[in-house]
Every structure is written in C-alpha cells, then in structure tokens.
Amino acid sequence: MSTASTRLPEDRYGRSSDERADRTLKVAGVALGALFIAVIAYFAYTYIGQNKISAEVISFDLSDDAVKVKLAVEKDAGASGYCTVRSQAENGAEVGRADFRFDGDATRITEVVTLRTTAPGTTAELVGCHAD
C-alpha cells in the first residue's frame, strides 16, 4: 500500500501561505532588530559624545556658614556650562547646593568657588557638570 501525500505539488501551485508568512516574519524581525540597534546607538552617541565638561574637587575648606571648594574643570575650547556642588552636615543632611558657571576659551580651569551653607558642612561633593 502506498500513502497519499497531503502536500500539493509546489511546481504547480506555488509556495504555501505558511512559508510566505514565515519569510515575512523573518524580514520584519530583522528590520525591527536593526531599527532597535540604531536607536540604542543614537542615544549612546548623544550621551557620550555630548558630555563636553568634566570636573573634580581638588580640595575644600570648611567654615560655619560656607565651604570653599577648589574645582578643576576640563572642557572643550569655547564650551560653556555649569557644575553643581553640594555640602552635607555630619548627620548626612544637605546644607548647601549651588551651580557654578564655567565658560571661555580655556580647556582647563582651576577655580575656588564659595558654597554658602545653612549649617556647618563636613563635605564638598561634585554632583555633576552639564554643557549648555
């Protein structure tokens, strides 16, 4: 006895609709994957490539109502922006926070800034820097 095939001859009737749907899904998946990778690459480039200002706290002097912070700022020539500095009390409460602007053509700036505090501070912390 022979078994009858349930498949139609491909030469006569073409591909089945399931095979066409599988190919369409594969093409759509590859296209969406490429789009996803392109979006991730764009956001990574704008996050890394646009950071034009960086800084670090060199030293700080404490007093009862202020903290003098010596900042070293590195930036692109002609870039402008600001750095945020904060101070905390011994118990961890924030007693002062301020933004300090940096602009001009110099690529490295070392400057002493004064952060006013509401109570005696024990630290000076650089929160971050942002370009305009």
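Reference entry: report on the structure contained in this document. If you're wondering where the values come from, they're calculated on a predicted model, not measured in any experiment.

Parameters and conventions
Residues numbered from 1 in each chain as written. Predicted model: local features only at pLDDT ≥ 70, side-chain atom pairs only at ≥ 80, totals over all residues. Heavy atoms only, no water. Helix = DSSP H or I, 4+ residues; strand = E, 2+ residues; numbered from the N terminus. Buried < 20%, exposed > 50% of the residue type's maximum accessible area, 1.4 Å probe, protein only. Contact = heavy atoms within 4.5 Å. Pairing = 2+ DSSP bridges. Axes fitted to C-alpha atoms, helices over the stretch in contact; angles between N-to-C directions. Phe/Tyr/Trp six-rings, centres within 6.5 Å; stacked < 30°, edge-to-face > 60°. Disulfide = S-S within 2.5 Å. Polar contact = N/O pair within 3.5 Å; in protein donor to acceptor, adjacent residues only side chain to side chain.

Another point: the overall build of the protein. For the protein, the count of helices and strands is two helices and six strands. Its helices and strands in sequence order give the protein the pattern α-α-β-β-β-β-β-β, from N to C terminus. Residue burial in the protein is summarised as follows: out of 132 residues, 21% are buried. Contacts in the protein between residues at least 24 apart in sequence constitute 62% of all its contacts with a sequence separation of at least 6.

Bringing the sheet that holds strand E2 (residues 66-75) into the picture now. Here three strands make up an open sheet; going across it, the order is E1-E2-E5 and the pairing antiparallel. Lying at the two open borders of the sheet, with one neighbouring strand each, are strand E1 (53-62) and strand E5 (108-116). Neighbour-to-neighbour, the strand axes of the sheet open up by a mean angle of 25°, direction not taken into account. Examined bridge by bridge, E2 and E5 share nine bridges and lie antiparallel to one another. Within E5, the position partnered with Val-67 by the bridge is Leu-115.

A full pass over the atoms with the stated rule returns one aromatic pair. With centroids separated by 5.4 Å and ring planes inclined at 65°, the aromatic side chains of Tyr-42 and Phe-43 adopt a geometry described as edge-to-face. In this structure, Tyr-42 and Phe-43 share a single accessibility class: exposed.

Here, disulfide denotes a covalent bond that connects the sulfur atoms of two cysteines. Tallied over the full model, the rule gives one disulfide. The partner cysteine of Cys-83 in its disulfide is Cys-129, sulfur to sulfur 2.1 Å. Handedness here is read from the sign of the S-S torsion; for Cys-83 and Cys-129, about 105°, the answer is right-handed. Taken together, the residues span a long stretch of sequence, with Cys-83 in strand E3 (residues 81-88) and Cys-129 in strand E6 (residues 125-131) at a distance of 46 residues.

Let's shift gears to the side chain of Thr-84. Position of Thr-84 relative to the elements: it lies in strand E3. Polar side-chain contacts of Thr-84 include one of 2.5 Å to the side chain of Asp-99. In contact with Thr-84, not counting residues within four places along its chain, are Arg-97, Ala-98, Asp-99, Glu-125, Leu-126, Val-127 and Gly-128.

What the three strands build is an open sheet, ordered E4-E3-E6; its pairing is antiparallel. Two strands in the sheet have a free side with no partner beyond their single neighbour: strand E4 (94-102) and E6. Across this sheet, the average inter-strand angle for adjacent strands is 15°, counted without regard to direction. As judged from the eight bridges shared by E3 and E4, these two strands associate in the antiparallel manner.

Before going further, it helps to examine the side chain of Lys-75. Checked against the element boundaries, Lys-75 lands in strand E2. At 3.0 Å, the side chain of Lys-75 and the backbone oxygen of Ala-106 are in polar contact. Among residues more than four places away in sequence, those in contact with Lys-75 are Lys-52, Ile-53, Asp-103, Gly-104, Asp-105, Ala-106, Thr-107 and Ile-109.

Interpretation note: all reported values are geometric properties and have no functional meaning in isolation.
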